[in-house]
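What follows is the residue order along each chain.
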Amino acid sequence: MGETRHGYKPETIEAKWQDYWLRNHTFKAVDFDASRPKLYVLDMFPYPSGAGLHVGHPEGYTATDIYCRYKRMRGFNVLHPMGWDAFGLPAEQYAIETGTHPRDTTRQNIENFRRQIRAFGFSYDWEREINTTNPKYYRWTQWIFIQLHKKGLAYLEEVPVNWCPALGTVLANEEVVNGRSVRGDHPVVQRPMKQWMLRITEYAERLLNDLETLDWPEGIKEMQRNWIGKSTGAEVVFDVVNRDDTITVYTTRPDTLFGATYMVLSPENPLVDKLTTPKQREAVRNYRETTSTKSELERTELSKEKTGVFTGAYAINPVNGENLPIWISDYVMMSYGTGAIMAVPAHDTRDFEFATQFGLEVRCILEPDESDAADAGVSRNALLAGQQCWTGDGVLINSAGTQGLDINGLSVESAKEKTIRWLEESGCGKGAVNYKLRDWLFSRQRYWGEPFPVVYMEDGSVKLLEESELPVTLPELDDFRPTGTGESPLAKAEDWLEYVDPETGMKGRRETHTMPQWAGSCWYYLRYLDPNNTDAFCDLEKDKYWMPVDLYVGGAEHAVLHLLYARFWHKVLYDIGVVSTDEPFKKLVNQGMILGISYRDSQGRLVPNDQVEETDGVFYDRNTGEELEEFPAKMSKSLRNVVNPDEIITRYGADSFRMYEMFMGPLEAVKPWQTRDIEGLSRFLGRTWRMIIDDETGEVAGAVTDAAMTRDQERVLHATIKKVTEDLEGLDFNTAISQLMIFLNEFSKAEVRNREAMEIFVKLLAPFAPHICEELWERLGHADTLAYEAWPEFDESKMKLEEVEILVQVKGKPKARLMMPVDADRETMEKLALADADVQGTLEGRDVVKVIAVPGRLVNIVIK
RNA sequence: GCCCGAGUGGCGGAACGGCAGACGCAACGGACUUAAAAUCCGUUGAGGUAAUACCUCGUGCGGGUUCGAAUCCCGCCUCGGGCACCA
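Along each chain, the written sequence defines residue order, and numbers are assigned to residues from 1. Going through the entries in the order they are written, you letter the chains from A and number the ligands from 1. Reporting of local features is limited, given that this is a predicted model, to residues whose pLDDT is at least 70; pairs of side-chain atoms are given and counted only at 80 or more, and all residues count toward the totals for whole chains, interfaces and linings. Note: side-chain values were computed over all heavy atoms of the structure, leaving out hydrogens and water.

Draft legend 1. Representation of the overall build of chain A. Helical segments are the DSSP runs of H or I of at least four residues, strand segments are the runs of E of at least two, and each set is numbered from the N terminus. Helices and strands together make up the secondary structure of chain A, namely 28 helices and 37 strands. If you line up chain A on its principal axes, its C-alpha atoms span 100 × 90 × 65 Å. The classification of residues rests on relative accessible area computed with a 1.4 Å probe and restricted to protein chains. Under 20% of the type maximum is buried, over 50% is exposed, and intermediate values are partly exposed. Scored against the burial criterion, the 864 residues of chain A give a buried share of 54%. By the convention used here, residues are in contact when the closest approach between their heavy atoms is within 4.5 Å. Of the contacts formed within chain A by residues at least 6 apart in sequence, a portion of 71% connects residues at least 24 apart. Using the Shrake-Rupley algorithm and a 1.4 Å probe, accessible areas are obtained, with residue cover drawn only from the displayed protein chains. Of the roughly 38,600 Å² of accessible surface on chain A, a fraction of 48% belongs to carbon and sulfur atoms. Positive: Lys, Arg. Negative: Asp, Glu. His and the chain ends are not part of the count. A charged residue contributes its charge at one atom only: NZ of Lys, CZ of Arg, CG of Asp or CD of Glu. Here chain A contributes 99 positively and 137 negatively charged side chains, and the mean placements of these two sets differ by 0 Å.

Draft legend 2. The arrangement of the pairing of strand β5 (residues 154-164) in detail. Bridge count between β5 and strand β9 (residues 189-198): ten bridges; the pairing is antiparallel. Looking at the pairing, Pro-160 lines up with Pro-192 of β9. Sheet analysis places β5 next to strand β6 (residues 169-171), joined by three bridges and oriented antiparallel. When the sheet's bridge partners are listed, Cys-164 is paired in β6 with Thr-169. In this description, strands pair whenever DSSP reports at least two bridges between them.

Draft legend 3. Focus on the sheet that holds strand β2 (residues 77-79). With respect to topology, four strands assemble into an open sheet ordered β2-β1-β24-β25, the strand pairing being parallel. Either end of the sheet is taken by a strand with one partner, and the two such strands are β2 and β25 (588-591). Neighbour to neighbour, the strand axes of the sheet diverge by 20 degrees on average, direction disregarded. Helix axes are fitted to C-alpha atoms over the stretch in contact, other axes to C-alpha atoms as well, and angles between N-to-C directions run from 0 to 180 degrees.

Draft legend 4. Fine view of helix α11 (residues 349-358). When α11 is considered as a whole, its buried residues turn out to be Asp-351, Phe-352, Phe-354 and Ala-355. Viewed along the axis of α11, the buried residues span an arc of 165 degrees, placing them on a single side of the element. On its buried face, α11 is in contact with β12 (262-265), β14 (323-328) and β15 (340-343). Following α11 by one or two positions, Gly-359 has its phi on the positive side, about 65 degrees. The directions from the helix axis to the C-beta atoms are what the arc is built from.

Draft legend 5. Focus on the packing of helix α22 (residues 678-692) against helix α24 (residues 733-748). Where α22 meets α24, the closest approach of the two axes is 11 Å, and the angle between their N-to-C directions is 40 degrees. In this view, α22 runs oblique relative to α24, as classed from their interaxial angle. Crossing of α22 over α24 shows left-handed handedness. Residue-level contacts link Leu-681, Phe-684, Arg-687, Thr-688 and Met-691 of α22 to Ile-737, Leu-740, Met-741, Phe-743, Leu-744, Asn-745, Phe-747 and Ser-748 of α24. When residues are sorted by character, Ala, Val, Leu, Ile, Met, Phe, Trp, Tyr, Cys and Pro go into the nonpolar class, Asp, Glu, Lys and Arg into the charged class, and all the rest, Gly among them, into the polar class. By residue class, the composition of the contact of α22 with α24 is nine nonpolar, three polar and one charged. Should an angle lie under 35 degrees it is considered roughly parallel, over 145 roughly antiparallel, and from 65 to 115 roughly perpendicular; all remaining angles are considered oblique. Take the far helix as the reference: if the near one is turned anticlockwise from it by less than a right angle, the crossing is left-handed, and if turned clockwise, right-handed.

Draft legend 6. Structural detail: the environment of Phe-238. Among the structural elements, Phe-238 can be located in strand β10 (residues 231-240). Judged by relative accessible area, which is 0%, Phe-238 ranks as buried. C-alpha of Phe-238 to C-alpha of Cys-428: the two residues are 190 residues apart in sequence and 7.5 Å apart in space. In this structure Phe-238 touches Asp-245, Thr-246, Ile-247, Val-249, Leu-257, Met-263, Ala-315, Ile-316, Asn-317, Pro-318, Leu-324 and Met-342, once residues within four positions along its chain are discounted.

Draft legend 7. Structural view of the state of the cysteines. The definition used for a disulfide is geometric: two cysteine sulfur atoms within 2.5 Å. In this structure the tally under the stated criterion is zero disulfides. Of all cysteine sulfurs in the structure, the one in Cys-389 sits closest to Cys-364, which takes part in no disulfide; the separation is 9.6 Å. Distance from the sulfur of Cys-773, which forms no disulfide, to the nearest cysteine sulfur (Cys-68) is 17 Å. The buried category is assigned to Cys-773, whose relative accessible area is 0%.

Draft legend 8. Here's a closer look at a positive patch on the surface. A cluster of basic residues, Lys-811, Lys-813, Lys-815 and Arg-846, forms a positive patch on the protein surface. Within the secondary structure, Lys-811 is located in the loop between β34 (803-810) and β35 (813-821). Under the relative-accessibility criterion, Lys-811 is labelled exposed at 56%. Two joining distances apply to patches: 9 Å for like charges and 5 Å for nonpolar side chains (Val, Leu, Ile, Met, Phe, Trp, Tyr), and every residue must have over 30% relative accessible area and no salt bridge. Throughout this description, the term salt bridge denotes a Lys or Arg side-chain nitrogen within 4 Å of a carboxyl oxygen of Asp or Glu.

Draft legend 9. Broad picture of the pairing of β14. The element β14 is largely enclosed, with a buried count of five among its six residues. Pairing between β12 and β14: three bridges, direction parallel. By the bridge assignment for β14, Leu-265 is matched with Ile-328. Strand direction decides the pairing type here: strand β13 (residues 309-316) and β14, joined by five bridges, are antiparallel.

Draft legend 10. Just the sheet that holds β9, in detail. Pairing within the open sheet is antiparallel, and its four strands lie in the order β6-β5-β9-β19. With one partner strand each, in any of the chains shown, β6 and β19 (440-441) form the two edges of the open sheet. Most of the contacts of helix α5 (residues 135-150) go to β9, to which it runs at about 90 degrees, and overall it touches β5 and β9.

Draft legend 11. Structural detail: the packing of aromatic side chains. Ring pairs shown here join Phe, Tyr and Trp side chains whose ring centres sit within 6.5 Å, with only the six-membered ring taken for Trp; geometry is labelled stacked below 30 degrees between planes, edge-to-face above 60, and tilted in between. A full pass over the atoms with the stated rule returns 50 aromatic pairs. For the ring pair Trp-196 and Phe-452, a centre distance of 6.0 Å and an interplane angle of 20 degrees mean the geometry is stacked. In this pair, Trp-196 is assigned in strand β9 and Phe-452 in the loop between β19 and β20 (454-457), connecting sequence segments 256 residues apart. Per residue, the accessibility class of Trp-196 equals that of Phe-452, and both read buried. Site record: aromatic cluster; members linked through ring pairs are Phe-145, Trp-196, Tyr-203, Trp-440, Phe-442, Phe-452, Trp-518, Tyr-565, Phe-568 and Trp-569. Whether a charge sits over a ring depends on NZ of Lys or CZ of Arg being within 6 Å of the ring centre and within 35 degrees of the ring normal. For the cation-ring pair, Arg-69 lies above Trp-21, with the distance from its terminal atom to the ring centre recorded as 4.5 Å. We note Arg-510 situated over the ring of Trp-496; from NZ or CZ to the ring centre the distance is 5.6 Å.

Draft legend 12. Here's a closer look at the protein's contact with RNA strand B. It suffices for a single heavy atom of a residue to lie within 4 Å of a molecule or strand for the residue to be listed as near it. Within the structure, RNA strand B sits among 51 residues, and Thr-252, Tyr-336, Arg-350, Met-741 and Asn-860 are positioned closest to it. Among the atoms of RNA strand B close to the protein, meaning within 4 Å, 60% are from sugar or phosphate groups. Polar contacts, as used here, are pairs of N or O atoms within 3.5 Å; protein pairs need one atom able to donate a hydrogen and one able to accept it. Residues neighboring in sequence count only if both atoms are side-chain atoms. Between RNA strand B and Ser-231 there is a distance of 3.5 Å, counted from a phosphate oxygen to a side-chain nitrogen or oxygen. Note that a sugar or linking oxygen of RNA strand B is positioned 3.3 Å from one of the side-chain N or O atoms of Arg-690. Elements represented by at least two residues in the surface near RNA strand B include exactly α7 (218-228), β11 (246-251), α10 (296-301), α22, α24, β34, β36 (848-854) and β37 (858-863). Looking at the surface near RNA strand B, the element that brings in the most residues is α24, giving six residues. Tallied by class, residues from the surface near RNA strand B come to 20 nonpolar, 14 polar and 17 charged.

Draft legend 13. Focus on the nonpolar core. Take the buried Ala, Val, Leu, Ile, Met, Phe, Trp, Tyr and Cys residues and link them wherever side-chain atoms come within 4.5 Å; each set so joined is a nonpolar core. The biggest cluster of nonpolar side chains holds 174 residues, and the ones touching the most others in it are Trp-569 and Phe-768. Looking at this core, the element that brings in the most residues is helix α19 (residues 561-575), giving nine residues. Looking at this core, you find at least three residues from each of domain 1 (1-17 + 643-799) and domain 2 (18-133 + 518-591). Not counting chain neighbours up to four residues away, the residues in contact with Phe-768 comprise Ile-66, Arg-658, Met-659, Val-724, Leu-728, Phe-733, Ala-736, Ile-737 and Leu-740. Within the second largest apolar cluster, 57 residues are counted, among which are Ala-234, Val-332, Ala-355 and Val-378. Each domain's extent is set by a domain assignment, obtained either automatically or from a database.

Draft legend 14. Region of the structure containing the pattern of salt bridges. One pass over the structure, following the stated rule, counts 57 salt bridges. Here Asp-65 makes a salt bridge to Arg-658, at a shortest N to O gap of 2.8 Å. Linking Asp-65 in helix α2 (residues 57-73) with Arg-658 in helix α21 (residues 654-663), this pair joins segments that are 593 residues apart in sequence. With respect to class, Asp-65 is no different from Arg-658; both count as buried. With a shortest N-O distance of 2.9 Å, Arg-107 and Asp-104 are connected by a salt bridge. With Arg-107 and Asp-104 both in helix α4 (residues 102-118) and three residues apart, the pair spans about one turn of that helix. Residue classification places Asp-104 among the partly exposed residues on the basis of a relative accessible area of 23%.

Draft legend 15. Layout of the environment of Glu-458. With respect to the helices and strands, Glu-458 occurs in the loop between β20 and β21 (462-464). Along the sequence, Glu-458 and Met-506 sit 48 residues apart, while their C-alpha atoms lie 7.0 Å from each other. Not counting residues up to four positions away in its chain, the partners in contact with Glu-458 are Met-506, Lys-507 and Gly-508.

Quick look at the structure:
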């Protein structure tokens with residue numbers, strides 16, 4: 001810091017104003033304020049981990065904070081809350097290791113997070129703070145579960161689940177990657193278990209269609225569409241030769257029925273037992289055993305070669321009565337469609353691989369356009385001979401059957417339609433829709449989650465508790481280890497388990513599973529509206545006032561799951577009439593990840609930062625002496641490239657930190673953190689201070705007077721108001737800050753600085769750097785916070801020049817720059833340009849073909 | 001393999017189809033200082049040239065549209081993210 005007594009001292013003014021805002025409830029959101037438009041701006045609330053905040057958290061928080069502060073100054077009643085998504089595995093793992101109750105760990109972590117977040121000066125309404133682990137909160141999570149159950153959307157099912165022996169729990173599909181747990185990277189195996197499921201598939205169509213109504217990044221919407229995975233096609237019923245059984249398959253290509261040469265069942269398909277002939281029984285049994293012990297990883301990674309076994313049975317192709325051999329193979333999944341397919345090797349790459357592997361017939365029934373085939377490197381003759389596979393468009397051939405269907409000569413599209421019509425008329429099938437989306441596995445075998453409001457009664461019935469019996473609180477435990485049997489640690493809480501029905505006196509045992517972490521975050525945005533309500537999860541009138549969320553900002557890692565689950569719950573709540581909107585989040589923005597600076601050697605290996613030495617701007621590996629290249633990489637403990645926000649705030653202050661994070665680049669972009677770059681923003685705020693304050697006295701500088709601005713200053717002032725306003729509306733914070741810097745460069749060099757211009761500048765900067773601006777505002781003689789001062793308006797006429805520099809190009813190359821009246825029309829511009837001596841020199845002896853004049857911009861002279 | 005997104009100085013990044021590199025960092029030169037820090041002023045895409053005049057090249061690569069392309073179109077390459085035997 002400078003030696004001056006009254007220089008810019010973030011450490012003092014930031015504490016002062018944070019305290020002021022809290023004491024004065026400056027950012028309290030007012031329910032039902034009809035005098036102002038409402039604005040609900042939401043951050044994805046954090047999981048309060050033991051590691052504390054990292055520099056990625058405040059990126060989105062700063063963006064929304066700037067937007068909120070700006071909108072308050074534009075007269076909006078802003079709701080901007082914060083809370084804690086505090087159930088979850090890490091606190092429980094810590095409890096297992098140390099015996100510390102997750103409640104205690106969670107409380108400490110929340111305190112630390114709150115302290116860190118407050119140090120940024122975010123304008124949250126702290127009176128609405130929520131915590132998903134508070135029984136007063138999760139009572140309502142349980143209440144919503146009861147509503148789901150009442151609607152028939154929650155059911156118990158024995159399902160093969162991802163059992164992780166090391167964690168002693170079942171994991172959801174999204175918690176397993178390549179057959180290993182996301183958390184801890186332990187192996188995962190399949191195992192059947194009775195679980196709560198939520199029927200999200202019932203909402204698939206609406207979740208898909210309503211994406212159209214949302215102002216979300218196109219990429220995120222596309223990811224949700226892919227996740228829902230709607231496809232249209234047909235279900236076709238195949239009779240089994242010499243048996244009563246039928247096999248129903250789902251296909252998106254009913255037009256290829258004539259190309260079917262065999263059938264495949266998933267190894268898990270219950271029909272396999274019935275159909276397998278005695279001769280094949282042994283082989284089938286062996287195959288099923290092998291696949292069941294295969295992990296998900298092996299089933300996908302080792303799939304270069306197709307495997308399978310013939311069942312000995314045959315099915316009848318309804319279009320031509322042909323017998324098709326029925327195989328089983330693990331390339332057919334039980335969980336998608338009907339767990340059975342008709343194989344058309346000539347027109348499906350997977351079937352083609354399988355047929356080639358086992359010498360099955362490949363029958364071409366679709367002839368592509370010659371040039372299409374050539375483009376794809378496919379030979380028509382090879383195709384017709386069944387030596388290659390064609391999945392593209394074309395004209396149907398060899399597709400007339402004994403049963404009255406003839407689709408020869410048709411395109412794929414019309415052949416599909418005609419086949420479906422025929423299937424429906426002949427009773428062999430029907431048009432059908434399928435989704436990749438599956439029902440949501442909602443049980444976890446863990447302690448630190450919401451208990452289910454469910455009791456298994458003595459008579460075998462399942463009882464959902466009454467609303468008056470909520471909340472079902474977590475029992476006290478000393479030992480948090482998983483039971484290893486698949487039951488959660490709750491199974492050890494003996495007294496807690498016992499339940500007696502208050503009316504009938506019948507005994508029962510409580511559900512020992514708990515809800516997944518997603519549960520609490522599925523509806524938290526509603527609780528902020530009415531955080532202390534004990535009669536309802538949220539008052540409907542408050543919902544009507546505040547909802548929907550106008551802007552939701554968070555990381556792209558929640559692109560699918562959190563956002564899809566929350567949308568699902570919200571639609572259910574909408575259907576039962578307890579919320580007023582059918583979508584919760586109107587506009588969504590993903591902030592890009594902030595990477596750390598790392599180093600890599602010539603082989604591309606990343607070297608931890610504490611092993612790197614710098615000499616004259618070149619980096620070396622301390623151990624090998626090898627020269628290293630700077631390289632941005634995801635922040636991680638192992639690379640030691642994690643930046644701690646506390647240290648940055650101590651060194652530079654929160655205002656500089658906030659501004660740096662916004663100046664790094666566009667909000668949505670992935671950006672590398674460079675601590676030295678923050679100096680530029682720190683310098684900017686120091687210069688801002690000295691532009692207004694005399695740092696010898698701490699009073700407003702003598703240069704700040706009521707003297708009129710120069711034309712240039714006036715123009716820069718209004719251009720700044722315009723640019724900053726427009727950029728704030730578009731969340732383009734980096735370019736808004738650039739403009740503020742241009743203002744500072746213009747005014748700080750001036751001998752006298754107009755006081756009103758200074759005040760406008762302070763207001764424009766305030767959303768970005770609120771602490772220093774409050775302080776400057778006060779020193780400029782204002783008693784109240786500037787949080788609700790009116791946002792400056794710009795005057796377009798003040799920005800006008802009388803003359804502008806017009807570029808004159810010859811054949812697109814810049815030749816001259818001429819001053820012309822702003823409002824010069826095309827002819828005038830052309831005349832002025834052609835009259836210029838330099839231009840005439842260039843044009844000497846050449847024919848002017850054409851002159852293009854763009855008013856206010858340029859003149860381009862086209863010559864021969 | 002499929003679906004998105006992105007490639008611009010030494011670095012982060014700006015540019016309604018209209019002067020590429022705003023703004024910042026770093027670097028270099030200068031002022032102030034006993035000195036340093038801080039601060040202030042200046043230079044800074046590459047190459048040619050005595051030159052700050054001037055010329056040539058330049059937004060991943062190859063084509064195209066246009067008076068004019070970082071921007072639009074076609075075909076590639078590389079990197080990042082997502083999905084992954086979805087019938």
